[in-house]
Each structure stands twice: as C-alpha cells, then as structure tokens.
Amino acid sequence: AEYMGTVKPTVKPTVAAPPQQSAGTTQPKDASNGLIDLLGLFESTDMIGGANVLSPTQSSTTTSTNDIPFPPPATPLPTWPLLNRMIGLGLQVEVQYPRTEGIGSKSMVTVRFRLQNFLNAPINDIQMRCDDKQSVMCFEPISTLTANGTISCNTYIDFHDKMQPVKLTITTSGGEFPLNLMPKIGEILIPHKPSADEFFALQKKLGGMHENHRKFSVNLTTEELVVKLWQTLHVAKVPSSTKQLLFAGRTVSNNTIVLVAVELADGQCKCTVNTENMLFGVMLLDDIKTTLTQ
C-alpha cells in the first residue's frame, strides 16, 4: 500500500500598509488663507509620496526576485510515508529525496528510506528486494533494528523519466511487505543553470505544443511560494530582472530540458512549463498547482 503525505505551509501574517490619505479641497476665506491651504496640500502630498508607501501587493511584486534565496535557508526537504507501522507489524518506513548524486549510474535518483521500529523488541533481518536489478540498487541488509530504534539508508533508482510505480518488497523476520514507490515528478529533475537570455531563448524554442500554462488563486507571499517550489522541484533558480520567478532543470534519465516560469500578482499565480516531453510537462504543472494551492 502506498501512502502519500503533504507539507502544509506556514502562512505568514500580512501586514497591511497604512491607507493613503486623500487630499480634499478647501474653499479659502481670503487670499492668505488660500495660500496656506495650498501649501499644506503640497506638503501633505509630498510627505506621502516621499515615504514611498506601497500596498502589500505592490511591495511583493516590485521586490527583485533575485533577492529571494534559493534554496531557502533552514528549510527541510519533505518526507512521505511508504509503509505504515500497523501494516508493517511495528516497522514504519518513510522516504525522502535528499538530492544527492546517485551511484552506479548518472540516471539514478537517490531515495532515502527511514526505517523506524515502534516495537519494544528488535526487528531482525531487514532486507529490500526488487526484481528490476538494473534500475534499482537496494540498500544493504540490516541485521538488527533495535527496539524503538531508527535507521536511514539510501536506495538508488532509475525512474526512466516516467511516473510509474517501482515495485519493491521489504522483508523482515516478522513478515514480507510489498510496496509501490511512486516517484515525485519534481525529484526526477536535476538543476540546470542557463542565463536569463538563454532561458527565454529556450522558452521561445519550446513554445506551442511544448508549452503548458495555468493561472490559479493562491494565498501565499512570494517568499512562501519559493519555499513550496523548492520543496517540490529539484531545479535551479535563474537570475532575472523581470517580475517572474524562473527555474530550469533537466530530467535525470534523458537529460530533457524543463523550464518553469512563475509570476505572482494580486493573489493570482501564473505558471508556465516548457519541455519537449509534453506528458511530463502536463503532469509537472498539475503537481505545482496542487502544491501551491493546498
């Protein structure tokens, strides 16, 4: 059985900017009073303009996207449940993509398995088995996992750039547990770092049927949006002078270019994905929308 988890965002409170004062007109009683009122109007308007007061929406869209760090500092990568402790007879398994280089083949993705023993007794002879030995390098056998103990180990998988489950089996002294590991589409990418000009040139080349875009409502600041994108996509952020957030990557197996452009304005997010692999682009865009709207 497969269990997929989600990462809930921590939404930061939005501080509203002070409302801009509206200047009214005053009927002068005489010429001197009219001059005083006129000077007061200019002074009030100059003070508001000089303070450069912006609404929260204006502030978020005019902030340079280059100032937002990627990856965001102190942001952990998400984990997903794979084997529940009730089904695993006390053994619980979670997976994470640590984004480290795989061994054996450049087309392999590192998948970290976190095994936790919820029993008051040890679990012995833990092994992983997979029939497709060319695509999967299983973690080394674990002789004993102590009572209430935890251990992490890496498995290396070539997903062949496809969103198809990999069939695995974990065996222990207590039983055998078949598993289906569905890859996270944003994790079968590796970062690619073009310049902004190269990005837009590639985006133009990958237009038409190789482009998918969608617009949807979100309740996120730009910084929160970047955190979610980093937790979803193993890509590089492309420096740009535009209001768009630009990201680029390549698929691990086939080295196919994938471009993502995101623009946030007035609570609306416009996301564009360009890639030669049309099915991959559609599925990636769906995953991004799901992540940003949850």
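Up top you'll find the structure we're talking about.
Computed from a predicted model, the values in this text were never measured in an experiment. (Residues numbered from 1 in each chain as written. Predicted model: local features only at pLDDT ≥ 70, side-chain atom pairs only at ≥ 80, totals over all residues. Heavy atoms only, no water.)

## Here's the deal with the environment of Pro 72
Relative to the helices and strands, Pro 72 is located in the loop between helix 2 (56–62) and strand 1 (79–83). Separated by 151 residues in the primary sequence, Pro 72 and Glu 223 place their C-alpha atoms 8.5 Å from one another. The residues touching Pro 72, leaving out its near neighbours within four places in the chain, are Val 226, Val 227 and Trp 230. (Helix = DSSP H or I, 4+ residues; strand = E, 2+ residues; numbered from the N terminus. Contact = heavy atoms within 4.5 Å.)

## Some thoughts on the sheet that holds strand 9 (residues 175–181)
Read from one edge to the other, the open sheet built from 4 strands follows the order 6-4-8-9, with strand pairing classed as antiparallel. The outermost strands of the open sheet, each flanked by one partner alone, are strand 6 (142–145) and strand 9. Strand-to-strand twist in this sheet, taken as the mean axis angle between neighbours without regard to direction, amounts to 30°. Summarising the sheet, strand 4 (residues 123–129) and strand 6 pair through 3 bridges and their orientation is antiparallel. Residue Asn 124 lies in a different strand from strand 6, and its bridge partner there is Thr 144. (Pairing = 2+ DSSP bridges. Axes fitted to C-alpha atoms, helices over the stretch in contact; angles between N-to-C directions.)

## Considering unusual backbone geometry
For residues other than glycine, phi is negative in most cases, and the peptide bonds are mostly trans. The omega torsion of the bond from Phe 70 to Pro 71 falls at 10°, within 30 degrees of zero and hence cis. By secondary structure assignment, the location of Pro 71 is in the loop between helix 2 and strand 1. Positive phi is not limited to glycine here, since Asp 125 has a value of about 55°. Within the secondary structure, Asp 125 sits in strand 4. We classify Asp 125 as partly exposed; its relative accessible area is 46%. Positive phi values are uncommon outside glycine, yet Asp 266 reaches one of about 55°. As for its position among the elements, Asp 266 is in the loop between strand 14 (257–265) and strand 15 (268–275). (Buried < 20%, exposed > 50% of the residue type's maximum accessible area, 1.4 Å probe, protein only.)

## Examining helix 3 (residues 196–205)
Residues of helix 3 that are buried include every one of Ala 196, Phe 199 and Gln 203, and no others. Looking down the long axis of helix 3, one finds its buried residues gathered within 55° of arc, a one-sided arrangement. In helix 3, those exposed residues whose orientation departs by more than 90 degrees from the buried face are Asp 197, Lys 204 and Lys 205. The inward-facing, buried residues of helix 3 abut strand 11 (211–217), strand 12 (236–238), strand 13 (245–251), strand 14 and strand 15. (Arc of directions from axis to C-beta.)

## Looking at the pairing of strand 9
Pairing of strand 8 (residues 166–172) with strand 9, which is carried by 7 bridges, proceeds in the antiparallel orientation. Bridged to Thr 169 within strand 9 is Pro 178. In textbook terms, the turn of a hairpin is the stretch between consecutive antiparallel strands, and for strand 8 and strand 9 this stretch comprises 2 residues.

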